[in-house]
Amino acid sequence: MRLIRDTYHPAPYNMALDEAILRSAVPTFRTYSWEPSAVSIGYFQSIEEEVDLVEAERMGVDVVRRITGGGAVFHDRDGEVTYSIVLPYGHPAAGKSAKESYKVLCGGIVEALGILGVDAEFAGINDVVVDGKKISGSAQTRKKWGVLQHGTLLYDLKPELMFSLLRVPSEKIRDKMIANIYERVTSLRHLGLDVSRKEVEDAFAKGFSRVLGENMEPSEPTEEEIEMAERIAEEKYASKEWNFRR
Amino acid sequence: MLQKSGISEGKADYKVPGGKLIRMRVRYSGDVLREVRINGDFFLHPEEALEKLEESLKDRSLKEAVEIIREFCQHVEMAGVSSEDFIKVLKLAVKKDF
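Calculation rules
Residues numbered from 1 in each chain as written. Chains lettered and ligands numbered in written order. Predicted model: local features only at pLDDT ≥ 70, side-chain atom pairs only at ≥ 80, totals over all residues. Axes fitted to C-alpha atoms, helices over the stretch in contact; angles between N-to-C directions. Helix = DSSP H or I, 4+ residues; strand = E, 2+ residues; numbered from the N terminus. Parallel < 35°, antiparallel > 145°, perpendicular 65-115°, else oblique. Left-handed = near helix turned anticlockwise from the far one by under 90°. Contact = placed C-beta atoms within 7 Å. Nonpolar A, V, L, I, M, F, W, Y, C, P; charged D, E, K, R; others polar. Core = buried A, V, L, I, M, F, W, Y, C linked by C-beta atoms within 7 Å. Buried ≥ 20, exposed ≤ 12 C-beta atoms within 10 Å, placed from the backbone.

K.L.:
Can you walk me through the packing of helix H4 (residues 98–115) of chain A against helix H7 (residues 197–212) of chain A in this structure?
P.N.:
Between two packed helices, what matters for the description is the angle formed by their axes and the separation of those axes. Residues and elements named next belong to chain A. At a minimum axis distance of 7 Å, the contact between H4 and H7 shows a crossing angle of 130 degrees. As judged from the angle between their axes, H4 and H7 are oblique. Once H4 is placed against H7, the crossing between them reads as right-handed. Along its contact with H4, which presents Val104, Gly107, Gly108, Ile109, Glu111, Ala112 and Ile115, the element H7 presents Ala203, Phe204, Lys206, Gly207, Phe208, Arg210, Val211 and Leu212. Across the contact of H4 with H7, the residue classes break down as nine nonpolar, three polar and three charged.

Okay, here's the thing in structure tokens:
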């Protein structure tokens, strides 16, 4: 399996490269980050209902619609590591259903956290939790080419920033959500872990390698994948037509 | 809200206990749906199917809509929501039981 240790990219390119790799359907594990920080929304979400677009613009935060379902995620430049994995349908971890493969693939995150010394567990649907608090969320799509799952691992948490970008029912509830967030969500930093981004990426690669029984071979996207990613970043993920379709 | 044209608008948000959020926006006249928008943070495979469901609910009665939703849900994989959740939100959106 290819291991692509990617760096920082704008949101449209990050989503476009995941899609380009999915279209090539070469088994690939990729880690990446977002610059500028971004909000990604789930395929079925309404951008205007989920994101304060004025605030996002003011703060220079990208907003992008994913091809995967699930909820809105704030991808803080320095607050998380994102992963994506692409598998063709013949691969055992692709499973027969999303439910089946979520369980296997989220096992890779649990394993990665174990390597970092954190006792985590898969909490159903798409979450990985530590002591009942969410530390990682993932989303999957199953297209004709194969399976793509991407997700994040929280490194640090900036609830004030997050809730100024994501729409909440009222100001009163916003304060409450900020105050209560540590009851529901945690991050590596809040668990007292002082690990570098590189260590997290290493743990990810090792964790998924173990769970999938695959060797990870350091690699780069092909020229074709990069060309396709650049094209669909511009034509799709940076377009109003795509991002405002719901 | 009833408008001059006889078309009413309704909306409802429903968080499935232990599951995901469904937001439904509807336009309807009497018992007939004119437009249905379904948003939320759920999972549904294949994703594009939801747009077909929205389209197929157009100009259908509320009773027909229930059958269409149940039939649709048998042919897609969902996580965090069920057919009965979609029906529940539809009832909330049009403020009627049927």
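Let's pick the thread back up.
K.L.:
Teacher, can you tell me more about the nonpolar core here?
P.N.:
Most often, soluble globular proteins have nonpolar side chains that are buried together. Grouped together as the largest cluster of nonpolar side chains are 91 residues, with contacts concentrated most on A:Ala16, A:Val39 and A:Val51. Setting aside chain neighbours within four positions, we find A:Val39 in contact with A:Val51, A:Ala56, A:Val61, A:Val63, A:Ala72, A:Val73, A:Phe74, A:Leu165 and A:Leu166.

K.L.:
I would appreciate a short explanation of the interface of chain B and chain A in the present structure.
P.N.:
How big an interface is tends to be stated in terms of accessible area lost as the parts join. Chain B puts 14 residues into the contact, and the matching count from chain A is 16 residues. Of all the secondary-structure elements, those providing two or more residues to the side of chain B that touches chain A are strand E3 (32–40), strand E4 (43–45) and strand E5 (77–79) of chain B. Ranked by residues supplied to the side of chain B that touches chain A, first place goes to E4(B) with three residues. Of the residues belonging to the side of chain B that touches chain A, the class tally is six nonpolar, four polar and four charged.

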